[in-house]
Amino acid sequence: GGARSGAFKSWTPKPLVQSHTKASMLAAAPGAVEHQLREAVVLAVALTTPEVLEDFDYEIERMECQTHENGQLRDALLRFANSADPKGDIEAALGREAVERLLAHPHVAITPAVRHPGDIELARQTLVEELAKMKTETGLVAEVAEAAEDLMGVADEAVTWRLGQAAEARNKALRSRQEDAAEYEQAPNGVAID
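Definitions and limits used
- Along each chain, the written sequence defines residue order, and numbers are assigned to residues from 1.
- The predicted nature of this model means local features are confined to residues of pLDDT at least 70 and side-chain atom pairs, given and counted, to a pLDDT of 80 or more, with totals for whole chains, interfaces and linings taken over all residues.
- Remark: hydrogens and water are excluded; side-chain values derive from all non-hydrogen atoms of the structure.
- To get an axis, a line is fitted to the C-alpha atoms, and for a helix only the part in contact is used. The angle between two axes follows their N-to-C directions and goes from 0 to 180 degrees.
- Strands are runs of DSSP state E lasting at least two residues, helices are runs of H or I lasting at least four, and both sets are numbered from the N terminus onward.
- If an angle is under 35 degrees, it is roughly parallel; if it is over 145, roughly antiparallel; if it lies from 65 to 115, roughly perpendicular; otherwise it is oblique.
- Rotating anticlockwise by less than a right angle from the far helix to the near helix defines a left-handed crossing, while the corresponding clockwise rotation defines a right-handed one.
- Any pair of residues with heavy atoms lying within 4.5 Å of one another is described as a contacting pair.
- Scored between 0 and 100, pLDDT is the confidence that the predictor attaches to each residue.
- Per-residue accessibility, obtained with a 1.4 Å probe over protein chains only, is compared with the maximum for each type, and a residue is labelled buried under 20%, exposed over 50%, and partly exposed between these values.
- The directions from the helix axis to the C-beta atoms form the arc being described.
- For salt bridges, the criterion is a side-chain nitrogen of Lys or Arg within 4 Å of an Asp or Glu carboxyl oxygen.

Caption draft 1: A look at the packing of helix α3 (residues 32–48) against helix α7 (residues 96–104). Axis separation between α3 and α7 bottoms out at 9 Å; the angle between their running directions is 115°. In terms of their interaxial angle, α3 and α7 are classed as roughly perpendicular. At the point where α3 passes α7, the crossing takes the left-handed sense. Contacts between α3 and α7 pair Ala40, Leu43, Ala44, Leu47 and Thr48 from the former with Val99, Leu102 and Leu103 from the latter.

Caption draft 2: The confidence of the model for the protein chain, seen in detail. Summing up the model confidence of the protein chain, the mean pLDDT is 78 and the portion of residues at 70 or higher is 72%. No element of the protein chain has a lower mean pLDDT than helix α2 (residues 19–23), which averages 44, and none a higher one than helix α9 (residues 112–115), which averages 95. The model gives residues 12–29 a pLDDT under 50, and that stretch makes eleven contacts with residues more than four places away or in other chains.

Caption draft 3: Focus on the side chain of arginine 74. Along the chain, arginine 74 turns up in helix α5 (residues 68–79). Classification of arginine 74 by relative accessible area gives buried; the value is 14%. Once residues lying within four places of it in the same chain are set aside, the contact partners of arginine 74 are Leu43, Ile60, Glu61, Met63, Glu64 and Cys65.

Caption draft 4: Quick peek at helix α6 (residues 86–94). Where α6 is concerned, the buried positions are Pro86, Ile90 and Glu91. The buried side chains of α6 occupy one side of the element, clustering within an arc of 135° when seen end-on. In this fold, the buried residues of α6 make contact with α3, α5 and α7.

Caption draft 5: Spotlight on the pattern of salt bridges. For the coordinates displayed, the defined rule picks out five salt bridges. The partner of arginine 38 in a salt bridge is glutamate 130, with the nearest N and O atoms 3.2 Å apart. Of the two residues, arginine 38 sits in helix α3 while glutamate 130 sits in helix α10 (residues 120–181), which places them 92 residues apart along the sequence. According to the relative accessible area criterion, glutamate 130 is buried, its value standing at 12%. When the shortest N-O distance is used, the salt bridge between glutamate 91 and arginine 96 registers 4.0 Å. Of the residues examined, glutamate 91 reaches a relative accessible area of 19% and is grouped as buried.

Structure below.
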């Protein structure tokens, strides 16, 4: 039995990662990556169903893109929003590869509003949801950052107070040593007199 258990100890199972999972941005890191994916979905939906751009151009314009490529796509999308063929104009301006990369991303490609270009109601619903989620996430990040600053302020005050207390204790200790070094006589009422 001893040799057998040693063999089992040396074997460690490796997680199975499929190639499309490896390529997925979701495998990288949460938070900023989720935001990038939402951006990509918003851009892809607006690109494949440009009829909805008029209702969402303000929100899309205000969208802070996490990547340079998404920023370029957003700017081109807004620039060509009213043209006869926004997708074609964006491909001409940024290159077909930029548009293909956006639409081929696994997370974007499975989005129903991207799979059904021209479905205005589905596109609207998707944009409302994704933009609301991004706004909520951005608000949450801001709240957490503000709370962290507040906590640092409290920590700073606590540290300052503790340092003040330590300095006061040190001063008291020094005073009592100096007082001990001086010669005192005791008054009839018990007070020490120099």
